[in-house]
Amino acid sequence: MSGFIMDERVCRSIALALTANSEDLQDRQQQEDAARQSGMTGAEIDLARRGSSFDALTSFAMALAIAARFTDPALIAATRDKAVKAGISPEVCAAIEAFAIKSFDPIA
């Protein structure tokens, strides 16, 4: 097991990916500022907005978050299986899914 956790950088990467198409320029700037404060580089921020990361496990986490937020249950299950096989625990996968749904649900 990799010991992968949802630290601040992972959460920020997920947030950047899930709000990449936002037209709220002020929110996008605040996210970028917060990401930089957490140590992310401009290249990491740009890549996160495209739903990827230089870190493979973070990329799997982001893919799972995107699937949880925007797709059907079969794709969520398949993406979760890939994340688990890559080394993200089922518990962390559940936390990623909950974060993606709750944090970015317009009604939440």
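Residues numbered from 1 in each chain as written. Predicted model: local features only at pLDDT ≥ 70, side-chain atom pairs only at ≥ 80, totals over all residues. Heavy atoms only, no water.

Engineer: Help me out: how do you make sense of the overall build of the protein chain in this one?
Structural biologist: For the protein chain, the count of helices and strands is six helices and zero strands. For the protein chain, the α and β elements follow one another from N to C terminus as α-α-α-α-α-α. If one aligns the C-alpha atoms of the protein chain with their principal axes, the spans along those axes are about 35 × 30 × 20 Å. Long-range pairs, those at least 24 residues apart, make up 61% of the contacts in the protein chain between residues at least 6 apart in sequence. For the protein chain, the accessible area works out to roughly 6200 Å², and carbon and sulfur atoms hold 55% of it. Of the charged side chains in the protein chain, 11 are positive and 15 negative, and the gap between their average positions amounts to 3 Å. (Helix = DSSP H or I, 4+ residues; strand = E, 2+ residues; numbered from the N terminus. Contact = heavy atoms within 4.5 Å. Areas by Shrake-Rupley, 256 points an atom, 1.4 Å probe, with all protein chains shown as cover. Lys, Arg positive; Asp, Glu negative; His and termini not counted. Charge placed at Lys NZ, Arg CZ, Asp CG, Glu CD.)

Engineer: Even after reading the chapter, I still don't get the side chain of Ser 13, so can you show me in this structure?
Structural biologist: Here Ser 13 is to be found in helix 1 (residues 8-18). When near neighbours in sequence (up to four residues on either side) are disregarded, Ser 13 contacts Met 40, Ala 48, Thr 58 and Met 62.

Engineer: Can you help me understand the nonpolar core in this one?
Structural biologist: Generally speaking, soluble globular proteins have nonpolar side chains that are buried together. Membership of the largest hydrophobic core comes to 22 residues, with the highest contact counts inside it found for Phe 4, Ile 14, Ile 88 and Ile 96. Going through the elements one at a time, helix 1, helix 3 (42-49), helix 4 (56-70) and helix 6 (90-103) are the ones with two or more residues in this core. If one sorts the elements of this core by residue count, helix 4 sits on top with six residues. Among residues more than four places away in sequence, those in contact with Phe 4 are Val 10, Asp 55, Leu 57, Thr 58, Ala 61, Gly 87, Ile 88, Val 92 and Ile 96. (Core = buried A, V, L, I, M, F, W, Y, C linked by side-chain atoms within 4.5 Å. Buried < 20%, exposed > 50% of the residue type's maximum accessible area, 1.4 Å probe, protein only.)

Engineer: Can you walk me through the packing of helix 4 against helix 6 in this structure?
Structural biologist: Their axes nearest at 8 Å, the elements helix 4 and helix 6 cross at an angle of 50 degrees. Considered as vectors, helix 4 and helix 6 are oriented oblique to each other. Relative to helix 6, helix 4 is oriented so that their crossing is right-handed. Residues Ala 61, Leu 64, Ala 65, Ala 68 and Arg 69 of helix 4 touch helix 6, and the partners they reach there are Cys 93, Ile 96, Glu 97, Ala 100 and Ile 101. Considering only residue class, the contact of helix 4 with helix 6 consists of eight nonpolar, no polar and two charged. (Axes fitted to C-alpha atoms, helices over the stretch in contact; angles between N-to-C directions. Parallel < 35°, antiparallel > 145°, perpendicular 65-115°, else oblique. Left-handed = near helix turned anticlockwise from the far one by under 90°. Nonpolar A, V, L, I, M, F, W, Y, C, P; charged D, E, K, R; others polar.)

Engineer: Is there a simple way to think about the layout of surface pockets in this case?
Structural biologist: Estimated volume of the largest pocket: approximately 180 Å³. Residue lining of the largest pocket: 13 residues in total, with Arg 9, Ser 13, Ser 53, Asp 55 and Thr 58 positioned closest to the centre. Contributions of two or more residues to the lining of the largest pocket are made by helix 1 and helix 3. Among the elements that line the lining of the largest pocket, the one with the most residues is helix 1, at three residues. Residues that form the lining of the largest pocket fall into these classes: six nonpolar, three polar and four charged. (1 Å grid on protein atoms, 1.4 Å probe; cavity = no way out; pocket = protein on both sides within 12 Å on 5 of 7 lines; lining within 4 Å. Points joined across faces, edges and corners; volume = space filled by probe spheres on them.)

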